[in-house]
Amino acid sequence: MRAPLKTTCVVIAALKTVSKCSFTIRKLRFFACFRLALTASSTFLETPLKRCLLGVLLLWLTPAWASDAPRVAALSWEATEHLLMLDVTPLTVADAADYRAWVVRPTLPADVPSSGSRLEPNLELLAELQPELIVIPPLLEDIRPLLERIAPVQVYQGFSQQHDNLQVQREAFLDLARALRREALARQRLQAMDAELAQWRERLRAHYGQRLPAVTVIRLSSPTAAFINGPNSMPQHALALLGLQPAMDLAPSPWGITQVPITALGRIEEGVVLHIEPFAQEAQLFASPLWQAMPFVREQRFAAMPSTWTYGGVFSLQYLAEAIGEALLKLPSESGKATQQSLE
C-alpha cells in the first residue's frame, strides 16, 4: 500500500474508533494534535494529499479548542432554567420530557437527553457525558459523593418556609453565573426582567387606575379542592412586584401553597381570583351550582391564566407576571378593588 493511502486509512480507522475507545474524546484529540505537531514538518507537507489530510484533521480538531461552552448537567429544573438564561445548553437534564411539558419556558432544546429522574439520576449516563459541573437539588445530597466522582457538584437550594424563595433563587442564579464566568450576562438578564415587570405595572395602572385589585392565584386540583398560592410562593412574589395585594390571607407554608376545599373560595367576597390552566374537569366544576354561587364568579371577578410553572427559578417571575397581567387586563377596570379576606 502506498504511503498516502496507508495514512488515509489509518486516520479513517482512528475516527471510526473514537466512540468505542476507552479514552475520552478530548484525550484522543489532544493526542492527535500532539502527533500532528510531530509530523507537520516540511517533509511531511511535501505532497498535496498530506497537506489536505492535515487540513481535514485540523478542522475536525477545532471544536476542542474553539468551543468554550460549559459542560453542565442539570439535575434540578431551577438550574435548567438558569443555565438556559445564561445561554448555556445543559448536557443533560433530569426528567427532561416533564420539564418540556410542565416548565416549558425557557425552551429546552429537543436533543438534550434526560439524565433519569430528579430523585434517581442515571449515574452511568452522567459519567459518559463527562460534565465539568453537576448542579443538584438538596434532595440529592445523599448521593453527592457518587456524583463528585464524576464532576464538581453545586447544590441549588430548593423552596423552603425558612427563607425567602425569590431571594434564594436570585442568588442561586448569580452564583451559577459566577461559576461559569457569565455574571455580566446574568445581571443584564435580571435588569431586563425588572424592566419588563415595571412595564406590566404601568399597564395595570393604566387599566385600573391608582387602586389596583386584590388578587389570589389558584390551581384547581379536583371539583372539590384547590391549591391557593400564598406567602413565599412565586405567584405571590410576582403579585407583589406588580404592586398587587393578595385577595386571601394565608399562613406560610414550605412551598407557598395551601390546599383548601372549593367551598373555602366562597370567602373571597371581594378581589379577583385567577386560576392556572389547564384543569381537566373544568366543564363539570364550572357548571355546578356551587361554583356559579361563588361571589367572584357572579361578579365577573374570575379569569383564567395560561399554564405557567409556579415552582421555578427567578425568571418564572417574569412568566407569571405576564400571565397574571394578561388575565387581569381582560377584566373590567373596577374588578376586585378590595382588602384581602382571611381563610379563618
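Residues numbered from 1 in each chain as written. Predicted model: local features only at pLDDT ≥ 70, side-chain atom pairs only at ≥ 80, totals over all residues. Heavy atoms only, no water.

A. Main features of the sheet that holds strand β2 (residues 92–93). As summarised here, the arrangement of the four strands in space is β2-β1-β3-β4, forming an open sheet in which the pairing is parallel. Each edge of the open sheet is held by one strand with a lone partner, namely β2 and β4 (153–155). One ladder, built from three bridges, connects strand β3 (residues 133–136) with β4; its direction is parallel. Directly across from I134, in β4, lies its bridge partner V153. Along the sheet, helix α4 (residues 77–85) makes contact with β1 (72–74), β2 and β3, crossing β1 at roughly 140°. (Pairing = 2+ DSSP bridges. Helix = DSSP H or I, 4+ residues; strand = E, 2+ residues; numbered from the N terminus. Contact = heavy atoms within 4.5 Å. Axes fitted to C-alpha atoms, helices over the stretch in contact; angles between N-to-C directions.)

B. Local environment of the nonpolar core. The biggest cluster of nonpolar side chains holds 58 residues, and the ones touching the most others in it are L244, L274, M305, I324 and L328. If sequence neighbours within four positions are ignored, I324 has contacts with V217, P235, A238, L239, L242, L244, L274 and M305. Counting 22 residues, the second largest nonpolar core, distinct from the first, contains A247, A264, I268 and L285. (Core = buried A, V, L, I, M, F, W, Y, C linked by side-chain atoms within 4.5 Å. Buried < 20%, exposed > 50% of the residue type's maximum accessible area, 1.4 Å probe, protein only.)

C. Quick look at the packing of helix α8 (residues 165–179) against helix α9 (residues 183–208). In the contact formed by α8 and α9, the axes pass within 8 Å of each other and the chain directions differ by 150°. With respect to α9, the axis of α8 lies roughly antiparallel. Between α8 and α9, the residues in contact are R170, F173, L174, A177 and R178 and E183, A186, R187, L190, M193 and D194, respectively. Residue composition of the contact of α8 with α9, grouped by class: six nonpolar, no polar and five charged. (Parallel < 35°, antiparallel > 145°, perpendicular 65-115°, else oblique. Nonpolar A, V, L, I, M, F, W, Y, C, P; charged D, E, K, R; others polar.)

D. Quick look at the pairing of β3. Here β3 shows two buried faces, one formed by L133 and V135 and the other by I134 and I136. With three bridges connecting them, β1 and β3 associate as parallel partners. Following the sheet pairing, V72 is matched in β3 by L133.

E. Layout of the confidence of the model for the protein. Per-residue confidence for the protein averages 85 on the pLDDT scale, and 78% of its residues sit at or above 70. Taken as a whole, residues 4–34 scores under 50 in pLDDT and shows 23 contacts with residues more than four places along the chain or in a different chain. The low-confidence segment residues 58–67 (pLDDT under 50) makes 12 contacts with residues lying over four places distant or belonging to another chain. (pLDDT = per-residue confidence, 0-100.)

F. Here's a closer look at the pattern of salt bridges. Applying the stated rule across the entire model yields 10 salt bridges. Here E141 makes a salt bridge to R144, at a shortest N to O gap of 3.7 Å. Given the relative accessible area of 36%, E141 is considered partly exposed. Owing to a relative accessible area of 24%, R144 belongs among the partly exposed residues under this scheme. Taking the shortest distance from any N to any O, the salt bridge between R301 and E299 comes out at 2.9 Å. Take E299: its relative accessible area is 43%, and that puts it in the partly exposed class. Counted as one network, the salt bridges with shared partners bring together D175, R178, E183 and R187. (Salt bridge = Lys/Arg side-chain N within 4 Å of Asp/Glu carboxyl O.)

G. Just the packing of α4 against α8, in detail. Running from amino to carboxyl end, α4 crosses α8 at an angle of 55°, the nearest separation of the two axes being 10 Å. Relative to α8, the element α4 lies oblique. Crossing of α4 over α8 shows right-handed handedness. Side by side, α4 and α8 meet where E78, A79, H82, L83 and M85 of the first sit next to Q169, A172, F173 and L176 of the second. Split into classes, the residues belonging to the contact of α4 with α8 amount to six nonpolar, two polar and one charged. (Left-handed = near helix turned anticlockwise from the far one by under 90°.)

H. Fine view of the side chain of Q318. You can see Q318 is positioned in helix α14 (residues 316–328). Ignoring any residue separated from it by four or fewer positions in sequence, one finds Q318 in contact with M193, E196 and L197.

I. Molecular detail of the packing of aromatic side chains. Enumeration over the complete set of coordinates arrives at 13 aromatic pairs. Pairing W291 with F296 gives two aromatic rings, centres 5.5 Å apart and planes at 80°, and the pair type is edge-to-face. With respect to burial, W291 and F296 carry one shared label: buried. Using a relative accessible area of 0% as the deciding quantity, one classes F296 as buried. Site record: aromatic cluster; members linked through ring pairs are W77, Y99, W102, F159, W255, W309 and Y311. The residue whose ring lies beneath R203 is W200, and the NZ or CZ to ring-centre distance is 4.4 Å. (Phe/Tyr/Trp six-rings, centres within 6.5 Å; stacked < 30°, edge-to-face > 60°. Lys NZ or Arg CZ within 6 Å of the ring centre and 35° of its normal.)

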